Amino acid sequence: RQWLAGFFDGDGCIAFHKRRGECWFQITGWSKDEPILQTLAKSFKGRVYRHAENAVCYKLYLTNKGNAPIIEYIKKHVRIRKYQIDRYLQTTRND
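Everything quoted here is computed from the prediction, not taken from an experiment.

Remarks on the environment of Ile27
Here is step 1: Turning to its location among the elements, Ile27 is positioned in strand 2 (residues 22-30).
Here is step 2: Sequence separation between Ile27 and Phe7 is 20 residues; the distance between their C-alpha atoms is 7.8 Å.
Here is step 3: Excluding its chain neighbours within four sequence positions, the residues that come into contact with Ile27 are Leu4, Phe7, Phe8, Asp11, Gly12, Leu37, Tyr58, Lys59 and Leu60.

Written out as structure tokens, the structure is:
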């Protein structure tokens, strides 16, 4: 859990699109991180995308309901992006 929280703190974000009612969890990694991102995608029912056609950057996306399990898994260990976790939890409690 601490390792994943650190990965999120360094290369992740939670984004909100209030108008569409969407929220997504994202971690960006390089080509060497793709196997890790693929494993996380399988574990938390997400998807991994190449950032651009010729890029060596990959992104793990989890949207709406898929966010909850991974956030619950890491929330106690996140330090740098704790405000994003707190905002996500506040937003989902108000829905």
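Let us keep going from here.
Considerations on the nonpolar core
Here is step 1: With 23 residues, the main nonpolar core has Phe8, Ile14, Phe25, Ile71, Ile74 and Ile85 as its most contacted residues.
Here is step 2: Non-local contacts of Phe8, meaning those with residues more than four positions away in its chain, are made with Cys13, Ile14, Phe25, Gln26, Ile27, Ile74, Val78, Arg81, Gln84 and Ile85.

Section: the environment of Ala68
Here is step 1: Among the secondary structure elements, Ala68 is positioned in helix 3 (residues 67-74).
Here is step 2: Residues Ala68 and Tyr88, spaced 20 residues apart in sequence, show a C-alpha to C-alpha distance of 9.2 Å.

Thoughts on the pattern of salt bridges
Here is step 1: Counting across every chain of the model gives three salt bridges.
Here is step 2: Between Lys32 and Asp33 there is a salt bridge; the shortest N-O distance is 3.5 Å.
Here is step 3: Given a relative accessible area of 9%, Asp33 falls into the buried group.

Side note on the pairing of strand 4 (residues 57-63)
Here is step 1: Counting buried positions along strand 4 yields five of seven residues, so the element is predominantly enclosed.
Here is step 2: When strand 2 meets strand 4, the two strands line up antiparallel, connected through seven bridges. Note on strand 4: the bridge partner recorded for Gly29 is Tyr58.
Here is step 3: Bridging between strand 3 (residues 47-50) and strand 4 involves four bridges; their strand directions are antiparallel. Note that in strand 4 the partner of Arg47 across the bridge is Tyr61.

Regarding helix 2 (residues 34-44)
Here is step 1: Considered for burial, the residues of helix 2 that qualify are Leu37, Leu40, Ala41 and Phe44. In an axial view of helix 2, the angular spread of the buried residues amounts to 105 degrees, which keeps them on one side of the axis. For helix 2, the exposed residues lying more than 90 degrees away from the buried face are Pro35 and Lys42.
Here is step 2: Immediately beyond the C-terminal end of helix 2, within one or two residues, lies Lys45, with a positive phi of roughly 55 degrees.

Scoring rules and cut-offs
- Residues numbered from 1 in each chain as written.
- Predicted model: local features only at pLDDT ≥ 70, side-chain atom pairs only at ≥ 80, totals over all residues.
- Heavy atoms only, no water.
- Helix = DSSP H or I, 4+ residues; strand = E, 2+ residues; numbered from the N terminus.
- Contact = heavy atoms within 4.5 Å.
- Core = buried A, V, L, I, M, F, W, Y, C linked by side-chain atoms within 4.5 Å.
- Buried < 20%, exposed > 50% of the residue type's maximum accessible area, 1.4 Å probe, protein only.
- Salt bridge = Lys/Arg side-chain N within 4 Å of Asp/Glu carboxyl O.
- Pairing = 2+ DSSP bridges.
- Arc of directions from axis to C-beta.

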